[in-house]
Structures are given as structure tokens and as C-alpha cells.
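Summary of structural features
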Amino acid sequence: MCRNPDWRILLAEMLALWLFSAFAWAADTGTPPPLRKQILILNSSQYGLPVPDSIVRTTVDALRAKEISPSDMFVEHFDLSRNPDATHKANLANEIAHKLSKRQIDLIITVNQEAFDFMTAEGSGIAPQAPILATLIQKPLPSPRLDHRQVINLRSATDAEGTLNHALKLFPRTRHIVVADGGDDSAHPYEAAFDAAVKHLHLPQTIEHTSGLSYDQMLRHVAQLPPDSIVFVGFYFNDKTGRSFVPADATAAIGRAANAPTFGMFDTYVRNGLTGGSVALTPVIGERAADVSIAYLSGQLKLHEQETIINIPAAPMFNWLQMQHWGIEEKALPAGSLIVHRPVTMWNQYRYAISATIAAFVVLTLLVFALTLQNRRRHTAENEARQGEEMIRRLIASSLDSIGVLDLGGRIQSMSESGQRLREITDVSTHIGQPYTSFWFEQDKASVREAISTACSGGQGHFQAYRPTLVTATPKWWDVIISPVTNQQGSVERLLVVSRDITERKQAEEALARHRDQLEQQVAQRTAELARAKDAAEAANVAKSAFLANMSHEIRTPMNAILGMSALIRRNGVTQDQAERLDKIAIAGQHLLEVINAILDLSKIEAGKLALNEAPLRISDVVTHVASIISQGVQSKGLHLNIEQASIPPVMGDTIRLQQALLNYATNAVKFTESGNITLRTKIDRQYEESILVKFEVEDSGIGIEPATVARLFSSFEQADNSTTRRYGGTGLGLAITRHFAELMGGTVGVSSIPGRGSTFWFTALLRRAPEGTADATPEPATAGEDAGDILRQRYAGHHVLLVEDDMINQEIARMLLEGVGLEVDSAGDGSIAVEMASCKHYSLILMDMQMPSMDGLEATRLIRTHPAGKNIPIIAMTASAFDNDRQRCLEVGMNDFISKPVEPERLFAVLLHWLSKPATSSSHDNVT
């Protein structure tokens, strides 16, 4: 049976609560009145960037804590970093000015350089009398400075030098420093800070920047660093390919991937996985911004100068997890270092509870001592006891929770007025002595009994249950805690029950669960739609590739007839006028062929099917070859051609694609320059251990380009002049193809131009260094085809050749070309005839078309190779199908070589000479041309 509680315990609890209330009242009476000032906060960064988001959040929270009303704070988020368009900025400024036109803004807080620049350039109409409190500024203020507006520069400069000092002291054997930074202008202030620190410290270590690498290349590079390296993380917003990243996410990825300790200059970066650094503390920036704002608005801070500078020093911060990984002892850290992610010890986790318990114990001990002294007078003690009971009753009555007392048998002894009100009980006496389980549904009574049993054993019972306030009332959800109440000897005398109505919270949780299910259904539906759209896009891409292949074949077949007939007519002798007309036909046909090739190249690039052929090369040979190609056009216009070449060691790369990219620039320069100079220039942009970033430039003194046109120049089918009255021709593909080639080779493109004074087009290529002793790639001599026809007449006149071609005109042209060099030609109109002829007669060589009626060239080649007589005959594809996969299909069925139409006679003769010169036992797959 439970006994009545000791009155001294109740009195002690009463006095403690009274003291707490007195202190709270005293604190409330000293609170100053709210400061009725209005503040505009501008954040120019996108959501999700931890540094600016943390500053905004901390500033707002600190201002609210200093009695600035939320209704007096106006926070504007706008992503100027990714949307710097001038028209957008002007419209945004007008919108903000209109929104705040009826507000009296007393102070403007800008977060990030773009927000401050926005106020400098476009924000003159936004609260023109309010000063600006600027945070996160990397560049100096403009001059003249903001006209009449005053600026408070809360300067939290990044500490690159301090970070490097900490890193090198912790790792004195460092020989190699890698700077992991992005490839756009946003990283330049941090690169400049790092370079200044290196210069001031006179570091002997080698310094390497990764801004010339893509994001994936950079991660692979830092993962392979030698053990005597450290990584310095700058600001990674975009890589050199233009991909955008959240800097904190990129930094976390670098910290995970790097095979070396990583250091940075922001606390967010250290928290996300870097080893440490001398960092700018973003919460401190926000709190300091709030302090300075209040000081100014309350009149404590006077602005006597147009710019008031307040410095926030950096602080050393280190990551405990990284310290353990790299073996850094805490005693080696700088004095006053902050350590994040330190494991929580028992003291760290419970120190406040322990301190509070000790404090409460001390207070209760003093109270017990005081009550013992006062117990000498029983009358006084009884009065104090009555006062204590009355205080407790009033406190319990004012509680928002239901509070009751049970005996050890689980029967109700008392219930607070708040409990009667929440449970809608009018006469509590009818429930006194009743089992507490009578309040609950049958399915919940087991949980109630278990909680009571736990509390009687000295523990704390807890359960949640659904029950009506009365039998006829609306059910509610309750969260119930049953705690033991002990006497001085530590024995449990009764049970304290505290019940809280959590119906609204449960309803919110259920609504959230329903909403989550709806979102999952929507995501599944959207995923299915995207899958269908992906399938449709892939089908369209396949159809487009088939269409381009078919159109290429259909165009090249008549082009072969046109150019072939022109060449044959010229060989038979013509008049001067006829020769000029044939020249025009040849030029027009060659131009059309170049257009077709450009479209095919672009199609291959967009389909991801264009592969680079890496081989040893010399940059000087590439430039010399391009110069020789454009020399005739340069001379015909009376231009001066200059070549400026840096000394570049042998590298590995695709000679043809480099020449094509540079030739696109050079031919444009000749086309758009009427007088003056054209300069071909090469130089080393950056050097790495295993590769070189080479920069190619073509500078001219031509017509130049308007600034508004430059942005779209490198897009497909775009030209500087797209009007119907344009003076210069072209498809608009050359620059787009050059851009794609540069990106495939790990580089990028660009142009600088002044209208009327000329342009400089450039592209870069990341080329691997050629291994020592590697021979240079020797291009096929330009004159090799010129002598091939004469050699054929001298050595192979009378040899029998089988020509398999279904188009009669192309068959006639090819026959005349072959007979012109002394070869005996038999013709077949389809593959089945060719198979029969090859089985009946020995031929020195077979020229095979791909697409033919009855039987195509691929099937005919397979059948010819099955006959003993056809195993070693050279079979050369001569077809209008010009895609790489067409060539591969020909080689797979046993053909030896591939010539695309229109056929150049010199190329044809060179290939014939090559294969006729092979021994008869040569492998049918020895395709070397």
C-alpha cells in the first residue's frame, strides 16, 4: 500500500519552481522593446549552396533573436551566377524596387559578389538612401564607389597562406601541391589568393592546377597522387567543359577521392570531408552581420566614410575523421583549433544533464538544509508545507498536460484540473479509486499494464494509445509517461502519470504519409513517361542515322558520275573555254562533297560514333600542312601569311582531326579577309606530367564579328550573317565541328573579335606526350598518287580486273579510268554475276560496290572467299556508303580496303598499285590503307 509523499520533498520542488519563475520574470522585465527597422537581404546564389545559405539563415535567426520582427525582414533569393543576362538583371531590379516601393528599407545586406555587383550596377533605384552591408566580396569595390550610397564591408577574406602554413607544418615532407579548382571566372579570386600565398611563402614544392581538366579527369588525377602530395581545394563551381557543380558537393567528392590530405578555406568544406585549413566561419559571418546591422540601426555605429571595413579573422579548423586517417595528433594542431566530427564521449553527450543534475542536487541540498533548520518550529514548517502544496497545485492546474497520480496497484488517486479539462471530466470523484486501465480501449490495456509495471519497478513507462476522452466523446491520440515517485529511502510510493494530446501531430504524420505515397506514384508515372520518351528518341536517332546513310549514298553516286565524267572529258583534250567550265563543275562538285562530309562528321559526333585515331605527330607538321593548303587562296588575294610556332615536343594525337579543325579556322580567315595578314599560331597553354594542353590560334585582319553574334557562332548551322543578302557562303558547320573536335581532344574553343579590325579564333587540345623513341607519324606523301598511274601502266598493263557496279554511268567511268592505265576490265551488274565470274576466271583484283540489286557486295564477297580461287584475290570496296560502320562491315566480310565515292583517280590508282604489288599469298585481311 502506498504512503503519503514526504511534505519536505514537495516543498523543495515548490521552492525550486518559484526561484525559476522569479529569475524568468526578472529576465523578461529587462528585455528591450523591439527595434522597428526594415532590412532587405539579397542572396545571388542558387538554393543548395551551403556557404551563402548558412550565412542567410544565421543572419535571419540572429536578427530575430535581437527582436527584429520577421515582418520587417525581406529576403530575396535570385540565381545571378547562372543567369547573368543584363535584361534579366534590369527586370529583376525593377521588380524588387516595385515590390518595396511602399516600404522604408533602412539597411540592405548582400550575400556574395554577384548580389553586391547587382546593387552597384542595377540597384540604384532600390532603397537609394539605405547603406549596403556586403558579405563574401572577393573583388575590391568599384570606383567611383556607388555614387552616394555608403557601404559596410564585412570582410571575411579567405586565408590561403594560413591554410598552406598549417598543411606544410603537419606534413613537412610534402614535395607536390595540387590545386583542385574549377575552370571558370568564379575560381580566379581563389587562384589569385593561392598564387599570392605561394609567392610570399617562397615554396620549393611543385605546384599543379587542375583547372585544365574536366571534373572526372580531376577526380582520377587526385586519386593517383604520390604519397608526398597535398591537395589545396579552391572554388569548384564549373569545370573546364562548362559543367556546373555545387562547390560543397564537389569538395566532398575531392576529399573522398584524393590519395593525399586535402585542405580548404571554408568551414563547410572541412565539415564535408577535407582535412582542415584556416577557414572563414560562415555562422560567425551571419552572426557578425546581425550584430553590425543592429549596431547601425540603433545608432551605435556611425558611418563617417563611404566605405567602412570590418574584418572577420579566419580560424584553424580540422576534421577529426581525417586526422585519424592521416595520423595527425591533436597536439600538433595550431593553438585554438576547432575540431569537427569528434566522437561524442559520455561527458560530451550528457555534460549539460550532469551539470544540471549536480546544480539541482546542490540546490536541493541547500533547500533541505534550510528546511531542517526551520523544522525546529513545527508551526512554521506546517505553514510552509501548506504553502508548498498550494504552489504545486497551482502549477499543476496551469499545465497544458494531463497530470495524475496512481497508487502501486494502478488505481487513480488524483487528477489535475488540466487533465479533467482535456478529458472532459466534470466530476473527478467518480473516477477516484478506479483502475487506470478503464480509460483505454481493450486492445491498449496490455500496453498500459506494462507501463505501470515498469514504473513500479523503478523505471519509466511509456506508451501511445488511441482512446476517447469519455465513452461518448471523440477519440484522441495520447502520449503517456508513467514515472515512479520514491520516498527518502528510495522506495516507490506512487506513480506520476503525464499525458499529452498528440492528435494533431498524428494527423499531420498521416497526411505526410499519404502525400509521400502520392509523390511515389507520380514519380513512377513520370519515370515510365521518360522511358517511353527515351525509346522514342533512340528510335528517331536510328531513323536519322539510316536516313543520312541512305542520303549520303544517293548523293555520292551521281556525284561520282559528275566528277568522274568531268575528269574523263578533260583527259581527252578540251578547249580553253571548256577547261574553265569543267573547272567550275569540279569546284562546285568538290564544294558539295565538302558539305556532305561536314554533315556526316556532325552526325557521327552527335551520335557519339566519331573515334579519334591516336598516333605520334609533330604540331609543326600539322601547321605546315594547313599553310600549304590555304597558300593558293592567300596568294590570290594578296594577303601575307605568318606562322608563329612555339617549341612543342612530339605528342600523340589524331593528325587528321587536328588539321581539319585548324583548316576550318584558316579557310574562314581567308574567306573573310580582303587585305592584310593571316597568322597561324601555336603555343603551350599548360603542361602536365603526362600531357600538354596545346593552343592553336588563327588571327586575321578581316571584317570582324559583332559581339551579339559571337555567342552563337559555334552552334550547328549558325553563321555570323544568316540573312538572305549575305555576302559569304557556307553551311555554318565548320566552327561547330571544330568545337566538337576540340572537346573530344579534352580542350575548348573561343574567339575574340573587333568589328572592322579582325578576329582571333582559337581552340585547345590536351595531347598525351609521345613516349621516348616513338617515331613520328609519316603522312602519305602528297605526290604518291600522281605517279601511281604511270607505274600501273609500266608494271601491270594487261592484268585482269573485275569491276562490280550496278550503276551504268559509274561503271563506264570506272572502266575508262582502269583501261586508261592499261588494265583489262570485266564488268558485273550485281553480286551474283560477280560470284559466277570470279569462280570461272582468275582476276588480279576485284572492285566491289556495296549496295546492288539481287545480291549486295557484302554477300558476294563472302561467297567469293569460300572458293579456293577467291581466297587471296584483293577485293576493294568502291561504294557511295561513307560511314565508318560501312567500312567496318566491308572489312569483316573479307574485303581488303575501302574507297568512298566520288572516287579520286589518284587515290584509286594508289590503292590499286598497293594491292597489285602485294604477293599472291597475302592475307585477305591485310588492310593497311
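Residues numbered from 1 in each chain as written. Predicted model: local features only at pLDDT ≥ 70, side-chain atom pairs only at ≥ 80, totals over all residues. Heavy atoms only, no water.

**Regarding the overall build of the protein chain**
Tallying secondary structure elements over the protein chain gives 27 helices and 30 strands in all. The buried share among the 929 residues of the protein chain stands at 45%. Considering only contacts within the protein chain whose residues lie at least 6 apart along the sequence, 67% involve residues at least 24 apart. Of the roughly 48300 Å² of accessible surface on the protein chain, 54% is carried by carbon and sulfur atoms. (Helix = DSSP H or I, 4+ residues; strand = E, 2+ residues; numbered from the N terminus. Buried < 20%, exposed > 50% of the residue type's maximum accessible area, 1.4 Å probe, protein only. Contact = heavy atoms within 4.5 Å. Areas by Shrake-Rupley, 256 points an atom, 1.4 Å probe, with all protein chains shown as cover.)

**Some details on the sheet that holds strand S29 (residues 875-879)**
Taken together, five strands build an open sheet; the order of strands is S27-S26-S28-S29-S30 and the sheet is parallel. Of all the strands in the sheet, just strand S27 (824-828) and strand S30 (897-900) have a single pairing partner and so form its edges. Adjacent strand axes in the sheet meet at a mean angle of 20 degrees, parallel and antiparallel pairs treated alike. Here five bridges tie strand S26 (residues 800-804) to S27, and the two strands are oriented parallel to one another. By the bridge assignment for S27, His800 is matched with Glu824. (Pairing = 2+ DSSP bridges. Axes fitted to C-alpha atoms, helices over the stretch in contact; angles between N-to-C directions.)

**Some words on helix H4 (residues 113-121)**
Side chains of residues three or four places apart in an α-helix project in the same direction, reflecting 3.6 residues per turn. Every buried residue of H4 is accounted for by Gln113, Ala115, Phe116, Phe118 and Met119. Among the structural elements, strand S1 (39-43), helix H3 (86-99), strand S3 (107-111), strand S4 (132-135) and strand S5 (151-155) are those in contact with the buried residues of H4.

**Concerning the packing of helix H2 (residues 50-65) against helix H10 (residues 282-297)**
Running from amino to carboxyl end, H2 crosses H10 at an angle of 40 degrees, the nearest separation of the two axes being 7 Å. Viewed along their axes, H2 and H10 adopt a mutual orientation that is oblique. For the crossing formed where H2 meets H10, the hand is right-handed. Across the interface between the two elements, Val51, Ser54, Ile55, Thr58, Thr59, Ala62 and Leu63 of H2 pack against Thr282, Pro283, Ile285, Gly286, Glu287, Ala289, Ala290, Ser293 and Ile294 of H10. (Parallel < 35°, antiparallel > 145°, perpendicular 65-115°, else oblique. Left-handed = near helix turned anticlockwise from the far one by under 90°.)

**Here we look at the sheet that holds S3**
As summarised here, the arrangement of the six strands in space is S2-S1-S3-S4-S5-S11, forming an open sheet in which the pairing is parallel. Both edges of this open sheet fall to strand S2 (73-77) and strand S11 (307-311), since each of them pairs with a single strand only. Each strand axis lies, on average, 15 degrees off the axis of its neighbour in the sheet, ignoring direction. Where S1 and S3 come together, five bridges link them in parallel fashion. In the strand pairing of S3, Asn43 is matched with Val111. Taken strand by strand, H2 contacts S1, S2, S3 and S4, and its axis lies near 165 degrees from that of S1. Against the sheet, H4 engages S1, S3, S4 and S5, with an angle of about 135 degrees to S3.

**Some thoughts on the nonpolar core**
By size, the foremost hydrophobic cluster in this structure holds 78 residues, and its most contacted members are Leu63, Leu133, Leu164, Tyr215, Met218, Val231 and Phe232. If sequence neighbours within four positions are ignored, Met218 has contacts with Ala180, Thr210, Leu213, Tyr236 and Ile254. Judged by nonpolar contacts, the second largest core, of 39 residues, contains Val634, Tyr665, Ile692 and Leu733. (Core = buried A, V, L, I, M, F, W, Y, C linked by side-chain atoms within 4.5 Å.)

**Considering the environment of Ile452**
Within the element layout of this structure, Ile452 appears in helix H15 (residues 445-456). Judged by its relative accessible area of 10%, Ile452 is buried. Excluding residues that lie within four positions of it along the chain, Ile452 makes contacts with Leu406, Gly410, Tyr436, Ile482 and Leu495.

**Thoughts on the pairing of strand S24 (residues 749-754)**
Side-chain positions along a regular strand alternate between the two faces of the sheet. As paired strands, S24 and strand S25 (residues 758-769) are joined by six bridges and run antiparallel to one another. Looking at S25, one finds that Ile754 is bridged to Gly758. From the end of S24 to the start of S25, which pair antiparallel, there are three residues, and Gly756 there has a positive phi angle of about 85 degrees.

**Observations concerning helix H19 (residues 655-671)**
Between the first and last C-alpha of H19 there are 24 Å, a value that for 17 residues agrees with the 24 Å anticipated at 1.5 Å per step. Among the residues making up H19, those that are buried are Arg657, Leu658, Gln659, Ala661, Leu662, Asn664, Tyr665, Ala666, Ala669 and Val670. For H19, the capping residue at the N-terminal end is Asp654, with a side-chain oxygen 3.2 Å from the backbone nitrogen of Ile656. (Expected span 1.5 Å × (residues − 1). Polar contact = N/O pair within 3.5 Å; in protein donor to acceptor, adjacent residues only side chain to side chain.)

**Details of the pairing of strand S22 (residues 677-687)**
When strand S20 (residues 640-645) meets S22, the two strands line up parallel, connected through six bridges. Paired with Gln645 across the strands is Thr682, a residue of S22. Bridging between S22 and strand S23 (residues 691-700) involves nine bridges; their strand directions are antiparallel. Looking at the pairing, Arg686 lines up with Leu693 of S23.

**Observations regarding the packing of aromatic side chains**
Applying the stated rule across the entire model yields eight aromatic pairs. Residues Tyr215 and Phe245 carry aromatic rings whose centres are separated by 4.1 Å and whose planes lie at 25 degrees to one another, so their mutual orientation is stacked. Here Tyr215 is found in helix H7 (residues 215-222), whereas its partner Phe245 is found in the loop between strand S8 (229-233) and helix H8 (247-257), with 30 residues between them in sequence. What makes Tyr215 buried here is its relative accessible area of 10%. Through pairs of rings, three or more aromatic residues link up here, namely Tyr665, Phe696, Phe761 and Phe763. (Phe/Tyr/Trp six-rings, centres within 6.5 Å; stacked < 30°, edge-to-face > 60°.)

**Things to note about the pattern of salt bridges**
In this structure the tally under the stated criterion is 21 salt bridges. Notably, a salt bridge pairs Arg681 with Glu697, separated by 2.7 Å at the nearest N-O pair. In this pair, Arg681 is assigned in strand S22 and Glu697 in strand S23, connecting sequence segments 16 residues apart. Residue classification places Arg681 among the buried positions, given a relative accessible area of 16%. A residue is classified by how much of its surface remains accessible, and Glu697, at 8% relative accessible area, is buried. With its nearest N and O atoms 3.3 Å apart, the salt bridge here joins Arg815 to Glu819. You can see Arg815 and its partner Glu819 sitting in helix H23 (residues 808-820), four residues apart, about one turn around the helix. What you see here is one network of salt bridges that share partners, running through Glu644, Arg681, Lys683, Lys695, Glu697 and Glu699. (Salt bridge = Lys/Arg side-chain N within 4 Å of Asp/Glu carboxyl O.)

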